[in-house]
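For reference, the chains in residue letters:
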Amino acid sequence: MSATPQQQSIGWAVAEATRLLQAGARLVCEFASSDGGAIKVHYILDVPGEGYRVLEETVNGALQSITPVTPAAAWYEREIKDQYGIELTGHPDPRPLLLHENWPRGLHPMVADAQSVPWADEHYDFLKVEGEGVCEVAVGPVHAGIIEPGHFRFSVVGDNVLYLELRHFYTHKGTEKLFQGTPVAYGQMIAESVSGDNCFAHAVAYCQAIEAAHSVVAPKQAQLVRLIGLELERMISHIADVGALSNDVAFVLPSAYCSRIKEDLMQASARAVGTRFWKGIAVPGGVVRDIAPAAAEVLSNAVAQAASEFAKIANTILDRPSVQGRFEGAGVLPGSVVEDLAVVGPVARASGANRDVRRDHPYGAYGELPIHVPCLAYGDVLARARVRIEEVVVSARLLADALGWLSSGPIRADVPPAVAFEGWSAVESPRGELLYWVKGEGGKLQRCSIKSPSFQNWPALPHAVIGNVIADFPLINKSFNLSYSGSDR
Amino acid sequence: MIFDVIHRSLKAPNRLVTVEELLGRAEGGRMPQVNAAKLTPEMARQACEVCPTAALAMAKPRDQELLCLDYGKCIGCGRCFEHAAFSPAERVAGCGGSRQELLRYFDCERGAEVEIRTSAPEACQEIFQLLGRALNIRELDAGSCNGCEAEIAALTNPYYDLERFGIHFVASPKHADMLLVTGPVTRNMAVAVKKTYEATPAPKLVVAVGACGCSGGIFAASHAVSGPLDKLLRVDAYIPGCPPTPAMLLTGILEVLRRTAKR
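None of these values were measured; they are calculated from a predicted model.

Asker: What should I look at first to understand the overall build of chain B in this one?
Answerer: Across its full length, chain B carries 8 helices and 11 strands. Across the 263 residues of chain B, 51% fall into the buried class. A separation of at least 24 residues holds for 81% of the contacts in chain B among residues at least 6 apart in sequence.

Asker: Sorry if this is basic, but what is going on with the overall build of chain A here?
Answerer: From N to C terminus, chain A includes 17 helices and 13 strands. For a compact globule of 489 residues, the expected C-alpha radius of gyration is about 23 Å, and chain A comes in at 22 Å, within 12% of that figure. Restricting the contact set of chain A to residue pairs at least 6 apart, pairs at least 24 apart contribute 68%.

Asker: Sorry if this is basic, but what is going on with the interface of chain A and chain B here?
Answerer: It is common to give the size of an interface as the accessible area lost on bringing the parts into contact. Opposite the 49 residues of chain A that make contact, chain B presents 50 residues. Here the side of chain A that touches chain B gets 7 residues from one element, more than from any other, and that element is helix α7 (residues 252-273) of chain A. Residues belonging to the side of chain A that touches chain B are distributed by class as follows: 23 nonpolar, 16 polar and 10 charged.

Asker: What exactly am I supposed to notice about the packing of helix α6 (residues 220-248) of chain A against helix α13 (residues 381-405) of chain A here?
Answerer: The geometry of a pair of packed helices is captured by two quantities: the angle between their axes and the separation between those axes. All names here are of chain A. Running from N to C, α6 and α13 cross one another at 155°; their axes reach a closest spacing of 9 Å. By the angle between their axes, α6 is roughly antiparallel relative to α13. Like other packed secondary-structure pairs, α6 and α13 cross with a definite hand, here left-handed. Of α13, the residues touching α6 (which contributes Leu-224, Leu-227, Ile-228, Glu-231, Leu-232, Arg-234, Met-235, His-238, Ile-239, Asp-241, Val-242 and Leu-245) are Ala-385, Arg-388, Ile-389, Glu-391, Val-392, Ser-395, Ala-396, Leu-398, Leu-399, Ala-402, Leu-403 and Trp-405.

Asker: Looking at this structure, I do not really get the packing of α6(A) against helix α8 (residues 293-319) of chain A. What am I missing?
Answerer: Residues and elements named next belong to chain A. At their nearest, the axes of α6 and α8 sit 11 Å apart, and the two run at 25° to each other. The angle between the axes of α6 and α8 places the two elements in the roughly parallel class. By crossing handedness, the relation of α6 to α8 is classed as left-handed. Each of Ile-228, Met-235, Ile-239, Val-242 and Ser-246 in α6 lies in contact with α8, whose residues at this interface are Leu-299, Ala-306, Phe-310, Ala-314 and Ile-317.

Asker: Mind showing me how you'd approach the nonpolar core here?
Answerer: As a rule of thumb, nonpolar side chains are buried together in soluble globular proteins. Ala205(A), Ala209(A), Ile228(A), Leu435(A), Tyr436(A), Val181(B) and Val207(B) are the most contacted members of the largest nonpolar core, which totals 234 residues. When near neighbours in sequence (up to four residues on either side) are disregarded, Val181(B) contacts Leu140(B), Ala142(B), Val206(B), Val207(B), Ala208(B), Val209(B), Gly213(B) and Leu229(B).

Asker: Would you take a moment to explain unusual backbone geometry for this structure?
Answerer: The bulk of non-glycine residues show a negative phi, and the bulk of peptide bonds are trans. The linkage connecting Gly140(A) with the following residue, Pro141(A), adopts the cis geometry, with an omega of 15°. Gly227(B) connects to Pro228(B) through a cis peptide bond whose omega is 5°. Looking at the secondary structure, you find Pro228(B) in the loop between α7 (210-215) and β11 (237-239). One non-glycine residue with positive phi stands out, namely Ser215(A), at about 50°. If you trace the backbone, Ser215(A) turns up in the loop between α5 (199-213) and α6. Note on Ser215(A): 12 C-beta atoms within 10 Å, which makes it exposed. The phi angle at Ala250(A) is positive, at roughly 65°, despite the residue not being glycine. One can find Ala250(A) in the loop between α6 and α7.

Asker: Where do I start with the sheet that holds strand β6 (residues 112-114) of chain B in this structure?
Answerer: As a general point, the strands of a sheet are linked pairwise by backbone hydrogen bonds and lie either parallel or antiparallel. All names here are of chain B. Within the open sheet, the 4 strands sit side by side as β2-β3-β5-β6. Their pairing is antiparallel. At either end of the open sheet lies a strand with only one pairing partner, and these are β2 (56-59) and β6. Ignoring strand direction, the axes of neighbouring strands in this sheet form an average angle of 35°. Across 3 bridges, the pairing between strand β5 (residues 103-107) and β6 is antiparallel. Note that in β6 the partner of Asp-107 across the bridge is Ala-112.

Asker: In this structure, what is going on with the pairing of strand β9 (residues 178-182) of chain B? I would like to understand it.
Answerer: Each regular strand displays side chains that alternate between the two surfaces of the sheet. All names here are of chain B. Of all 5 residues making up β9, 5 are buried, and the element is well covered by its neighbours. The two faces of β9 match: Met-178, Leu-180 and Thr-182 on one face and Leu-179 and Val-181 on the other face are all buried. Across 5 bridges, strand β7 (residues 135-141) lies against β9 in parallel orientation. Considered in β9, the bridge of Ile-137 is made with Met-178.

Asker: Any chance you could explain the confidence of the model for chain B here in plain terms?
Answerer: In this model, chain B carries an average pLDDT of 88, and 90% of its residues clear a pLDDT of 70 or more. Across the predicted assembly, pTM comes out at 0.94 and ipTM at 0.94.

Asker: What is the right way to read α8(A) from this model?
Answerer: Because the α-helix completes a turn every 3.6 residues, residues three or four places apart line up on one side. Across its 27 residues, α8(A) extends 39 Å between first and last C-alpha, which sits within 8% of the 39 Å expected from 1.5 Å per residue. Taken as a whole, α8(A) has its buried residues at Val298(A), Leu299(A), Ser300(A), Ala302(A), Val303(A), Ala306(A), Ala307(A), Phe310(A), Ile313(A), Ala314(A), Thr316(A) and Ile317(A).

Asker: Is there a simple way to explain the confidence of the model for chain A in this structure?
Answerer: Close reading of the predicted structure is inappropriate where its pLDDT is low. Scored by pLDDT, chain A comes out at a mean of 94, with 98% of its residues at no less than 70. The low-confidence segment residues 1-5 of chain A, where pLDDT is below 50, has 11 contacts with residues more than four positions distant or belonging to other chains.

Asker: Whenever I open this one, the sheet that holds strand β10 (residues 205-209) of chain B confuses me. Can you help?
Answerer: Residues and elements named next belong to chain B. Ordered by their spatial adjacency, 5 strands build an open sheet running β8-β7-β9-β10-β11, and the pairing between neighbours is parallel. Sheet topology places β8 (167-169) and β11 at the edges, where each strand pairs with a single neighbour. Going across the sheet, the axis of each strand differs from the next one's by a mean of 25°, ignoring polarity. Looking at chain direction, β9 and β10 are connected through 4 bridges and run parallel. By the bridge assignment, Leu-180 is partnered in β10 with Val-207. Those strands touched by helix α5 (residues 147-154) are β7, β9 and β10, and its axis lies near 140° from that of β9.

Asker: Just checking my understanding: could you explain the environment of Leu23(B) for this structure?
Answerer: Within the secondary structure, Leu23(B) is located in the loop between α2 (19-22) and β1 (32-34). On a C-alpha basis, the gap between Leu23(B) and Val185(B) in space is 28 Å, while along the polypeptide they are 162 residues apart.

Asker: I tried to follow the environment of Val170(B) on my own but got confused; where do I start?
Answerer: All names here are of chain B. Position of Val-170 relative to the elements: it lies in the loop between β8 and β9. Residue Val-170 is classed as partly exposed on the basis of its C-beta count, with 16 C-beta atoms lying within 10 Å. Distance in space between the C-alpha atoms of Val-170 and Ile-137 is 5.9 Å, their sequence separation being 33 residues. Residues within four places of Val-170 in sequence aside, it is in contact with Asn-136, Ile-137, Arg-138, His-175 and Ala-176.

Rules behind the numbers
Residues numbered from 1 in each chain as written. Chains lettered and ligands numbered in written order. Predicted model: local features only at pLDDT ≥ 70, side-chain atom pairs only at ≥ 80, totals over all residues. Helix = DSSP H or I, 4+ residues; strand = E, 2+ residues; numbered from the N terminus. Buried ≥ 20, exposed ≤ 12 C-beta atoms within 10 Å, placed from the backbone. Contact = placed C-beta atoms within 7 Å. Rg over C-alpha atoms; globule rule 2.2 N^0.38 Å. Nonpolar A, V, L, I, M, F, W, Y, C, P; charged D, E, K, R; others polar. Axes fitted to C-alpha atoms, helices over the stretch in contact; angles between N-to-C directions. Parallel < 35°, antiparallel > 145°, perpendicular 65-115°, else oblique. Left-handed = near helix turned anticlockwise from the far one by under 90°. Core = buried A, V, L, I, M, F, W, Y, C linked by C-beta atoms within 7 Å. Pairing = 2+ DSSP bridges. pLDDT = per-residue confidence, 0-100. Expected span 1.5 Å × (residues − 1).

Listed below in structure tokens is the structure:
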């Protein structure tokens, strides 16, 4: 999809976005871009019955916040303020987001020379909960397991969580700035390093955005190879998640099983395409590596075996009364919060929001496949586990079909450098809707904005945690399985 | 039902990979190996040009210009595989060694490797002898993409089972003998990294993991990065890869121990 910029009176995009959101559209993302002088704000909305719509306009002075219309915009607008120095009007919480105390206020990395910036000592205010018996529990950024860093500030009375504030962006690597000036043919390498365990989804989203911007279509065979990589990544991610959930309620044996099934699939990937994570496979225009019949057989045997073993283990987990006792009713995320915060992915589908990019906005080879989208209403840890378990079954079926359809043929189309290009593309990553928006000229990128499902979903986590006992936090957090690096970028 | 699981697990084939099979292996990691005989000056120049992190670069360590392959910078993108002398490596030497040991030099005129280093895998027996005590590792994410974490976590699965060596991961740096650090050290993590190091009791080992840990990788030039790690702390050993495969990680960790015991 490539954009057709519309120009109208000042403030029209904000007004139009507000109108559409009030009429039931969902905010996909909001970001800014700069062409050296003027700064533009872009809104991407999912309009019911229509599809994705992009609105953009030049910001004149301060930016009218749409957070009062949709709280889902809160973090996006804070990020715009940090990165571009645009003041927000009407935003309920304009505190810095990605820039921590070490970064001098008033220096905005996307529009300034950000190299060799001196260390600053700024101040950040957490929200204070006051009252008799209220204690603060600070967790992180360094956590106890082999996991990513982030800070959680709980306000508790006894064991009960009254309030939870997230302070993230410890893994902020200035990724979107790194894209500036990068040749189109190298951008997917940066995209692959945004969220390591979903690296193929990021690479495909980037490549599809570049293809859309250059009006290039990847060959059929390349689309199938991509679908296989994406579904395998989803299976691996969900199997690992379910195992980790079991581990978090001290049911360790199935967790070891799941880690073994995951490893089987990764080794099959290494044998079939030479990489455990499908890194370096997707490139703008297609893929660099075909799946030969022998490799397809390796994958289809591994997938069939993993699916059947995982189904048994998943039943074992869900059948245990001790697991049910911990999963059921823990960390309920109400459907209303899902709508307000435009939550995506398995987390949204476990709380009744039936959306999946593969079915709603088909891309690549997905248009030809019927996609069953599991959806549950309860919104607790159990529902999130069950949605993932069912999605593994769906992915295994898609893989069986796609592996059977592989034939021979070109796997890479030429992407001729365009004088100026702009486009976007969304994929359903294991964590939910992932969108890349790219703009550039002469074969080089000027701006690449990433809508990461984790960035969208993190603000919903506190709503599922508040009211639970603090000891259930690791379990609830795991059931969301959000990426820190994917969100922090 | 639970007995079912235990019963099945007892019947299941043993998947444990022996240490001899693992040491030095790098399949699936997409690190390049160089067939020096096929190398020409023109090919070396082209490969340097396509390398996104300058892991391939012309260098002059002595009086002669050589092609330098720096595993510590390589992100395994596979661009150089388009040239005949480069292919995915089955083995990578130098895991768990010094930063210098991750460099290889090639004479493009003569088509030969210069200053060949070998780190021969040790016999399994010797490793067991050296691991007379338990090693506690604290994994520290200094801004990684989570790829290294996924592979480090895989070390505890039934294929690699790190615990068989008496090595395990601990929750607190206060219990740790070794910090296994991933990521380019983001500006926002720099203070936490220093505090974690200070909280780890001496004697302690610091191991930099992955292209980001070794050199900053693809993020080396970012304004939001303070690293690489050896700019902030004394680093004892390096494990390259993007991410390193479990076999590379295991090789690296065991190599650090082997050398430590010899000190």
